[in-house]
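Structural overview
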Amino acid sequence: MSKPTGSSTRTSRTSSLRTSSRRQRNLFDVPVWIILLTLISLAASACLGQKNDPPQISRALDPRTVAEFEVQGWAWTDDPENSISPDGKYLLAIINNEEHKAVTVIPVEGETHDPKILHEAPAGWAQYDGLDYRTLGWTGDGRPLFLVFGYQNRGPNTGKRGVGIWSGGAGEGEAEELAFIDLPGENLQSSVYLTGQDKVFISVSAAIYSYDLKSSRIAPVKTGLPEYDDLFYASLSPSGKHFVYELYEEGKRGIYILDAGTGKEEVLLATGQSFSFVPLWSPDGKYVAAYTADLKAGADGTSFEDYDCFLGAAGPLTIAPAITIADTSGKVVQTIRVEGKYLANMRWSPDSSSIAFVAGDKAGAEENQYDEMGIPDITWDGVWIAGIGAGAGPREVASLTPSDSEALAFAYPCDFDTAGSGVFYQYGDMESISVWYAGPGKDGSTDSTPSPVKVADGYWHPQYSNPKFGEYLGVLISGDEMTELWLLGPEMRKVDGWSAASITGLLGFNEDTMLLFHKEEAGPPKILVISVYE
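Residues numbered from 1 in each chain as written. Predicted model: local features only at pLDDT ≥ 70, side-chain atom pairs only at ≥ 80, totals over all residues. Heavy atoms only, no water.

1. A look at the overall build of the chain
Of the regular secondary structure elements, the chain holds three helices and 38 strands. When each of the 534 residues of the chain is scored for burial, the buried share is 57%. Sequence separation of at least 24 residues holds for 50% of the intrachain contacts in the chain that already meet a minimum separation of 6. Looking at the chain as shown, the accessible area adds up to about 21900 Å², and 46% of this sits on carbon and sulfur atoms. (Helix = DSSP H or I, 4+ residues; strand = E, 2+ residues; numbered from the N terminus. Buried < 20%, exposed > 50% of the residue type's maximum accessible area, 1.4 Å probe, protein only. Contact = heavy atoms within 4.5 Å. Areas by Shrake-Rupley, 256 points an atom, 1.4 Å probe, with all protein chains shown as cover.)

2. Thoughts on the side chain of Thr104
Positionally, Thr104 belongs in strand S4 (residues 100–107). For Thr104, a relative accessible area of 1% translates into the label buried. Beyond its immediate chain neighbours, meaning those up to four positions away, Thr104 contacts Leu91, Leu92, Ala93, Ile95, Pro115, Lys116, Ile117 and Leu118.

3. Observations concerning the sheet that holds strand S15 (residues 242–249)
Backbone-to-backbone hydrogen bonds join strands into a sheet, with any given pair of strands oriented parallel or antiparallel. Sheet architecture is open: four strands sit in the order S14-S15-S16-S17, paired in antiparallel fashion. The open sheet is flanked by strand S14 (235–236) and strand S17 (265–270), the only strands paired with a single partner. Where S14 lies against S15, two bridges are found, and the strand directions are antiparallel. By the bridge assignment for S15, Leu236 is matched with Phe243. (Pairing = 2+ DSSP bridges.)

4. Notes on the nonpolar core
Of all hydrophobic cores here, the largest spans 42 residues; its most connected members are Phe201, Phe243, Tyr245, Phe277, Ile323 and Phe357. Residue contributions to this core peak at four residues, all from S15. Judged by nonpolar contacts, the second largest core, of 20 residues, contains Val383, Ile385, Val423 and Tyr425. (Core = buried A, V, L, I, M, F, W, Y, C linked by side-chain atoms within 4.5 Å.)

5. Things to note about unusual backbone geometry
Its identity as a non-glycine residue notwithstanding, Asp198 has a phi of 55°, on the positive side. Mapped onto the secondary structure, Asp198 falls in the loop between strand S10 (188–194) and strand S11 (199–204). Given a relative accessible area of 14%, Asp198 falls into the buried group.

6. Describing the side chain of Ser235
By the secondary structure assignment, Ser235 is in strand S14. Of the residues examined, Ser235 reaches a relative accessible area of 12% and is grouped as buried. For Ser235, the residues in contact, after removing those within four places along its chain, are His242, Phe243, Val244 and Trp281.

7. Looking at the sheet that holds S11
Here four strands make up an open sheet; going across it, the order is S10-S11-S12-S13 and the pairing antiparallel. Either end of the sheet is taken by a strand with one partner, and the two such strands are S10 and strand S13 (217–222). Across the sheet, the mean angle separating the axes of adjacent strands is 20° when strand polarity is ignored. Two strands pair when backbone bridges link them, and strand S12 (residues 208–212) and S13 are joined in this way by five bridges, in the antiparallel orientation. Following the sheet pairing, Tyr211 is matched in S13 by Ile218. (Axes fitted to C-alpha atoms, helices over the stretch in contact; angles between N-to-C directions.)

8. Here we look at the confidence of the model for the chain
For any part of a model where pLDDT is low, the fine detail of the predicted coordinates should not be relied upon. Of the residues in the chain, 84% have a pLDDT of 70 or more, and the chain-wide mean is 84. Every residue in residues 1–57 is under pLDDT 50, and counting partners more than four places away or in other chains gives 178 contacts. (pLDDT = per-residue confidence, 0-100.)

9. Quick notes on the environment of Pro86
For Pro86, the position within the fold is in the loop between strand S2 (74–76) and strand S3 (90–96). Those residues in contact with Pro86 that lie beyond four places of it in its chain are Trp138, Thr139, Gly140 and Gly142.

10. A few points about the environment of Asp361
Structurally, Asp361 can be placed in strand S24 (residues 354–361). In sequence terms Asp361 and Thr379 are 18 residues apart; their C-alpha atoms lie 6.4 Å from each other. Once you skip the residues sitting within four places of it in the chain, Asp361 turns out to touch Gly340, Lys341, Tyr342, Ile378, Thr379 and Asp381. Among the polar contacts listed, one links the side chain of Asp361 to the side chain of Lys341, at a separation of 2.7 Å. (Polar contact = N/O pair within 3.5 Å; in protein donor to acceptor, adjacent residues only side chain to side chain.)

11. Notes on the pairing of S3
Within S3, five of the seven residues are buried, which leaves it mostly tucked inside the rest of the structure. Pairing of S2 with S3 involves three bridges; the strand directions are antiparallel. The residue of S3 that forms the bridge with Trp74 is Asn96. By the bridge criterion, seven bridges tie S3 to S4 in an arrangement that is antiparallel. Following the sheet pairing, Ala93 is matched in S4 by Thr104. As consecutive antiparallel partners, S3 and S4 are separated by three residues.

12. Topic: the packing of aromatic side chains
The tally for this structure, following the rule as stated, stands at 16 aromatic pairs. Plain terms: the ring middles of Tyr287 and Trp348 are 6.5 Å apart, the flat faces sit at 15° to each other, and that makes the pair stacked. Residue Tyr287 is located in strand S19 (residues 287–294), and its partner Trp348 is located in strand S23 (residues 341–348); the two are separated by 61 residues in the primary sequence. With a relative accessible area of 6%, Trp348 lands in the buried category. For the ring pair Phe310 and Tyr342, a centre distance of 5.0 Å and an interplane angle of 75° mean the geometry is edge-to-face. Residue Phe310 is located in the loop between S19 and strand S20 (319–320), and its partner Tyr342 is located in strand S23; the two are separated by 32 residues in the primary sequence. (Phe/Tyr/Trp six-rings, centres within 6.5 Å; stacked < 30°, edge-to-face > 60°.)

13. With respect to the pairing of S11
Of all the six residues making up S11, five are buried; the element is thus mostly covered by neighbouring parts of the structure. Here six bridges tie S10 to S11, and the two strands are oriented antiparallel to one another. Bridge pairing links Leu194 to Lys199 in S11. Count of turn residues in the S10/S11 antiparallel hairpin: four residues, of which Asp198 carries a positive phi of about 55°. Pairing of S11 with S12, which is carried by five bridges, proceeds in the antiparallel orientation. By the bridge assignment for S12, Ile202 is matched with Tyr209. What sits between S11 and S12 in their antiparallel hairpin is a turn of three residues.

Structure representation (structure tokens):
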């Protein structure tokens, strides 16, 4: 199997195996048209934060907007789960306006909400010299952390191109560079701060680095990684112990696992009679799930087209005949299949005990393999949950009725409920979409699954981790007329709503508060403070 070659701009099918990237994963984990709407509405931050475990809180719900204040520009965060300071007083956010782009600390309590600027660049510098920011979150002792990527405009490495790790004081509006990675030509791929380890991991075009805040030491975890036209992507486990990624090298084909402490690399799922791709960590970091395509009869396995998969612009889409579950030693603990079906859009339960996915008939898929959007026109007919472990086969929790519309249909599990027993999903087409809940039977029984319950018309704003408040999920759902904030759990509670012409997105959350960015069509941008409990 040859290495990937060719242009980094992919608008047509490729015949050689290429790695999938974070860019591709974002595109195909969520249907394309929802991604487009989400980008417009500023809904989903590209964060890689740790999972938000349901807090053990028994207070009564009383969700309401307790404060709102104007902000000077568009505001966003890269990790809503870790954007609010530990004491709940500040928000770490990026603000962009006509004058500058800046990393700021914004007071969310009291009467004054003037942002403290930690780092800024004039609009021209940020736009034309390629400087950008990523928020990492807050340290345990209340210090904000962020990255400055591109040509540095201040600090000890002014004029150099690379990634700077910066930190500052919450209320002082001051920051300093902690470490710097010189990158004359490489690009920043992903970054994550693990609060428990007090360590930052940074993945760039051909290497992975770690920075230990306790020792102030930056070190390479692995160098000499392939770039694949800037499409290589390494995914860090929630525990911070391992990375997984896909390799398409001579003698190295498959999903590989990297020890984040030692830099030792081993094969996890080798390519051969089957081809596994787009690995997804379980929340507890013990397992990796991956889509698996079978080798076609008579094929030699040297290209994507030799396997039973579908090609997107940058590699295989997240559609396959099987899902393979492996532990970190490479032992396959389960292979999930549904006879005669393709499986797609998998999602782990919060306790790592099961996976939700959608399934659709294989019949006719080849004839309709590529529509004008590059997505196979498969009729998705069911939402399924498969338990992990011996005797835990897949079961259908919702049957999907095909629409009368001729538009391309989408189905996507959005998230499990906080107990991990039922699943929220969205289903529809380019003309209409709605959010549903498929739950277990009485007392958690799976023997008599009740009919799914419709939550609302509209699309679910995708997040890497949805806010959890006891038994409830905090969710934004956008329809034709309204964008609504919901708390979904034992009851489906609509908290508030705004015109669909406005722009609303999640900035941050903690155990009892959500912060939303909101801009009406003709009004100034604002931050809304939502209190969840009495």
